[in-house]
Amino acid sequence: MRRTLSVLFFIATLAPLHAQDDLLGLLGEEEPEKEFTSASFKTTRVINAQSLENTAHGVMDVKISHRFGFLNLGISELFGLDQATVRIGMEYGVTDRLMIGFGRSSYQKTLDGYAKYKILRQCQSGCGMPITLSVFAGMSANMLEKEKTEWYAPGQEDYFTHRLGYAFQLIVGRKFSEALSLQLMPGLVHRNLVTTVEQAHDVLNMGAAGRVKLTKRLALNAEYFYVLPGQTRASVVEADRLDDPNPGFKNSLSIGFDIETGGHVFQLHFTNSTAMFERGVITETTGDWLDGDIHFGFNISRVFTLYRPKPKKV
Amino acid sequence: MTMTRHLLFTAALLATLTASAQERYATRTGHISFHSDTPMEKIEAHNHKATSVFDATTGAIEMAVLMKGFEFEKALMQEHFNENYVESDKFPKATFKGKITGITAEDLKKPGSHAVTVEGDLTMHGVTKPVKASGTMGMEPTGAIRATGSFTVKPEDYNIAIPGMVRDNIAKEIVIKVQVDHTKM
């Protein structure tokens, strides 16, 4: 009897003690908040390709991109470091889903502008979407003097519309873990004017890109654009290149590192593409990795918060 | 024998009674903010979704806050805070378990503010450290039981590494401010 009573007493005293140990437990489980996956990539570009990421609402991202000459130019050109191709660009997050941007490249003195919209956003908690899906549409204009353009023949009318090209992409991807993000980019590049009859106005392509995060502030990126065969051909093709899928042109392959330092992201990479906008990268890459036609290059991204959206009310 | 039995019964009964008579206050919308102030940069973040439960009979208080709920001035700062500093996916919550002294259950029955001290363990980024703070507690004219306080923590104490490049931008000591309005449970 005494034992049962002691047990009863023990339990009775224990009950309030236990309650004190877990006061928060009294409130019960919280509803998980809806939250989208963030930081699939360090910045809005993988290297040349658009990534799953957008600039946040109200944030401007200034991008300075630079490609040196080909590594195989040898010591007289300091392995390409004597040459430079530059793109200066700017992006802005109109909303958390919509981003716009424009840039100006030294390559063909090109102006480019684009918009990227997140249709679906991968969900971290509180919802079920497994992927992010973005749609990208861009436009570029070759602003070279007409005498310097490839297609110009003396006396020919130089229509501005001839200088325009368009790029459309669907970007579908997923951040599989803290360490790994992958994306696929089926796309179409349209050129208003092409230089030879062998070149298609519409070039179908498929891009793939990925990121492996090595440390908190360092990531390894790679991207590849596959251009469907028989769609384009350079006006002059070396004899041993005639059997290539797209003679005179190569698929774009880039590999590099993202280094993040607070407000800046430095991207250092190797690529066979000279241009830094979609039409140039996908349809006008001529460098061959196996021949050492590799550019060393970097992108610097610096963000500025121009407008701060009001915090969501509780 | 019978006497002892009665005594024990009464004691057991009393113990259960005190348990049910506890005065508990709680909220899910507490405000916790932190501030880092250096000549280079001023950083602050606010979280309005802290949960807190206070037991006025024992003085015990428990708080929890989701790290991802902190809202920064700059979106990128918020991303870096979660991704690189506090690693919110690995350590989603910060919790505090402690005791408030300097106030009684009776003090909370009428409006007024009282100076209190709070002492306990703060768990953040997987590390638990004792903290002590002074603050105020009392009943607001609205009837809410408000507790306020502020204290400082060092990121290094919680294994939060600050890279050399931004060392001048982030204060050595981060000020944490708490203001929670509890209602009776």
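Residues numbered from 1 in each chain as written. Chains lettered and ligands numbered in written order. Predicted model: local features only at pLDDT ≥ 70, side-chain atom pairs only at ≥ 80, totals over all residues. Heavy atoms only, no water.

A. Layout of the pairing of strand 5 (residues 111–120) of chain A. Residue and element names in this part refer to chain A. Note: strand 4 (residues 98–105) against strand 5, seven bridges, orientation antiparallel. Paired with Ile100 across the two strands is Ala115, which belongs to strand 5. Where strand 4 folds back on strand 5, the antiparallel hairpin that results is connected by five residues, among which Gln108 adopts a positive phi of roughly 55°. Of the strand pairs in this sheet, strand 5 and strand 7 (residues 132–141) are connected by nine bridges, and their pairing is antiparallel. In the strand pairing of strand 7, Gly113 is matched with Met139. (Pairing = 2+ DSSP bridges. Helix = DSSP H or I, 4+ residues; strand = E, 2+ residues; numbered from the N terminus.)

B. Region of interest: the confidence of the model for chain A. Predicted confidence across chain A gives a mean pLDDT of 89, with 92% of residues reaching 70 or more. A low-confidence stretch, residues 16–20 of chain A stays under pLDDT 50, and its non-local contacts, those more than four residues away or across chains, total eight contacts. (pLDDT = per-residue confidence, 0-100. Contact = heavy atoms within 4.5 Å.)

C. Layout of the sheet that holds strand 12 (residues 252–261) of chain A. On the basis of which strands lie adjacent, the closed barrel formed by 12 strands has the order 2-3-4-5-7-8-9-10-11-12-13-14 (chain A) and antiparallel pairing. Across this sheet, the average inter-strand angle for adjacent strands is 20°, counted without regard to direction. By the bridge criterion, seven bridges tie strand 3 (residues 84–93) of chain A to strand 4 of chain A in an arrangement that is antiparallel. Its bridge partner lying in strand 4 of chain A, Gly93 of chain A is registered against Met99 of chain A. Relative to the sheet, helix 2 (residues 75–85) of chain B contacts strand 2 (59–70), strand 10 (202–215), strand 12 and strand 14 (295–305) of chain A, its axis offset from that of strand 10 of chain A by approximately 55°. (Axes fitted to C-alpha atoms, helices over the stretch in contact; angles between N-to-C directions.)

D. Layout of the state of the cysteines. Residue and element names in this part refer to chain A. Scanning the entire structure with this criterion turns up one disulfide over all chains. Each disulfide pairs two cysteine sulfurs, and for Cys123 the partner residue is Cys127, the sulfurs being separated by 1.8 Å. Where Cys123 bonds to Cys127 through sulfur, the torsion about that S-S bond is close to 85°, and the disulfide is right-handed. (Disulfide = S-S within 2.5 Å.)

E. Main features of the packing of aromatic side chains. Under the definition given, this model contains 10 aromatic pairs over all chains. Judged by centre distance (4.9 Å) and plane angle (50°), the ring pair of Phe72 of chain B and Phe81 of chain B falls under tilted. Neither Phe72 of chain B nor Phe81 of chain B differs from the other in exposure class; each is buried. Taken together, the ring pairs connect Phe68, Phe270, Phe296 and Phe298 of chain A into an aromatic cluster. Against the face of Phe36 of chain A rests Arg121 of chain A, its NZ or CZ located 4.1 Å from the ring centre. In this arrangement the basic side chain of Arg217 of chain A is found over the ring face of Tyr85 of chain B, its NZ or CZ atom lying 5.0 Å from the centre. (Phe/Tyr/Trp six-rings, centres within 6.5 Å; stacked < 30°, edge-to-face > 60°. Buried < 20%, exposed > 50% of the residue type's maximum accessible area, 1.4 Å probe, protein only. Lys NZ or Arg CZ within 6 Å of the ring centre and 35° of its normal.)

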